[in-house]
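Inside the fold
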Amino acid sequence: MQASQLHRGQHMSKRLCYQPLQGVDAYCVSQFQTLGRQLYTNAGNERAQFNLQDISDRYCTLESSSGSHGYATRSSTSTVTFSSNGSPADQHNSPDNTYGSPVSGSCITDDISDFRHKLLELETVMLGPDSDIIDSFDSFYQEGTENSEVGSWGQVMDAITKGNLKKILIACAKAVSDNDALMAQWLMDELRKMVSVRGEPMQRLGAYMLEGLVARSAFSGSSIYKSLRCKEPASMELLSYMHVLYDVCPYFKFGYMSANGAIAEAMKDEDRVHIIDFQISQGTQWITLIQAFAGRPGGPPHIRITGIDDPASAHARRGGLDIVGMRLSKLAKLFNVPFEFHSAAISGCDVQQKDLGIRRGEALAVNFAFMLHHMPDESVSTENHRDRLLRLVKGLSPKVVTLVEQESNTNTAAFFPRFIETLDYYNAMFESIDVTLPRQHKERINIEQHCLAREVVNILACEGAERVERHELLGKWRLRFSMAGFTPYPLSSLVNATIKTLLDNYSNRYRLEEKEGALYLGWMDRDLVASCAWK
């Protein structure tokens, strides 16, 4: 965009987890005792620059107080707050100017005649000598089917008039992708009036995707992302948020149960078992497996768990890996299971064989649950830690390796298709939360802001090593495992049946599907989590 376009345009627009161990023992024992019984008793262009301070002043951040404090959302530099219904309001907009309004939610101004006058002024400015603003905008929407949801310039205006949030989000993302600062800034202003952290799923997700667009538009993804990050709550608060997410959605339970089933099957005849968990977090996954091993005919094996986790995330574990080890040891003692715990507070990128405590005479299981997508691959680092870890593990000759990952494609995708994928994926997740927690429930706002919003902002606003949320589809994971020398380890049909029983406790819009030896958990027609095993 030429400087004259941006200068004139400025005159017309003034402008996102796991259940804690404390209190979970009894819950898990009762919730998943069926699994334990069944397993062992049933057998290029230069970009026009945004003013960073202007963006900071005009858009809300994700810094938020706890939901129990009225959902106030404000940064130290921002003039924006959330109104009583959760939509942003600043010093230029009345708190009553919300998406729910029949006029202000869909028009640039509340007065129809004034709107037409403003539109005429807009067209006069934009259809001058520099009319390529509209030409370039229209030409994009004729390029492919993925953009047909938005259409031409006229359809964008129609979407604004009708308050079609999804189409406007996509149009704004395309403007950002095209470095069209004028169009992006104008559409961000429109979006700001439409999103709400207390609204419908698309409104809530839209609030966080708007934050990602603003951060990316500032061309400083890392620093803006850090300024947009919600303040990390106290340890107990964060555990509470993750507990709620774990409880209201079956995604983590599905992943843990399917992986545990594969490990239990592979180790059914072993006397000494060593499990390496590359992201142990709270250790919640192993509660059910210890319980299952306790019921094994002939007695339980000796279990040793090596728990790996980045020391930077110790705040989420109230004291680090030692606390996890003590709690699991206490649980194992309760079930009369011989148990050892070895902690390795180290980033996955730094893990070497010497950190894993391998002993002769132990059958080895390796668990990659919601972890590998955080490892940089060949598109980020010449070391390609994603494939390096797989080759390292293969060299240990494990009996089984379990993989659980989000079924999404955001790793090497360019920004715009990555935006579309993120919009589709997280909209399904927000919808699934919506059927369990009421819109006004303080816990819902907290888990979405503290557990999901940062993921969204990172995917959209950051690149290179700063973008740590890099999901791949299972098809790509299959290629990586195959190249590392692994072969598929089919999941037990008994595990499938147990997970189907688990889903009976949730909405019937969740679906479980088995394809090519892997399990997929989806919401309606969208796959969200995939689980498989290798040897």
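Refer to the preceding data block for the structure.
A brief report on the enclosed structure follows. Remember, it's a predicted structure, so these values are computed and weren't measured experimentally. (Residues numbered from 1 in each chain as written. Predicted model: local features only at pLDDT ≥ 70, side-chain atom pairs only at ≥ 80, totals over all residues. Heavy atoms only, no water.)

What follows concerns the nonpolar core. Formed by 105 residues in total, the largest nonpolar core has its most connected members in L187, Y251, I275, L328, V400, F419 and I447. If we ignore the near neighbours within four places in the chain, the residues touching L328 are I280, G283, W286, I287, I290, I305, F339 and F341. In this structure, L364, L372, W477 and A518 belong to the second largest nonpolar core, which totals 30 residues. (Core = buried A, V, L, I, M, F, W, Y, C linked by side-chain atoms within 4.5 Å. Buried < 20%, exposed > 50% of the residue type's maximum accessible area, 1.4 Å probe, protein only. Contact = heavy atoms within 4.5 Å.)

Next up on the list: the sheet that holds strand β8 (residues 510–515). Strand order in the open sheet formed by 8 strands is β5-β4-β3-β6-β7-β10-β9-β8, with mixed pairing between adjacent strands. What marks the edges here is a single partner per strand, and that holds for β5 (339–345) and β8. Looking at each pair of strands side by side, their axes are set apart by 15 degrees on average, direction ignored. Where β8 and strand β9 (residues 518–523) come together, 6 bridges link them in antiparallel fashion. Bridge pairing in β9 places E514 opposite L519. Those strands touched by helix α16 (residues 415–434) are β7 (400–406), β8, β9 and β10 (526–534), and its axis lies near 95 degrees from that of β10. In the packing of helix α19 (residues 493–503) onto the sheet, contacts are made with β8 and β9, and the angle to β8 comes to roughly 170 degrees. (Pairing = 2+ DSSP bridges. Helix = DSSP H or I, 4+ residues; strand = E, 2+ residues; numbered from the N terminus. Axes fitted to C-alpha atoms, helices over the stretch in contact; angles between N-to-C directions.)

Backbone geometry places N336, a non-glycine residue, at a positive phi of 60 degrees. Residue placement: N336 occurs in the loop between α14 (321–334) and β5. In the Ramachandran plot, F370 falls in the positive-phi region, its phi being about 55 degrees despite a non-glycine side chain. Take F370: it is sitting in the loop between β6 (363–369) and α15 (385–394).

Honestly, that's just the spatial picture; any functional story needs more than this.
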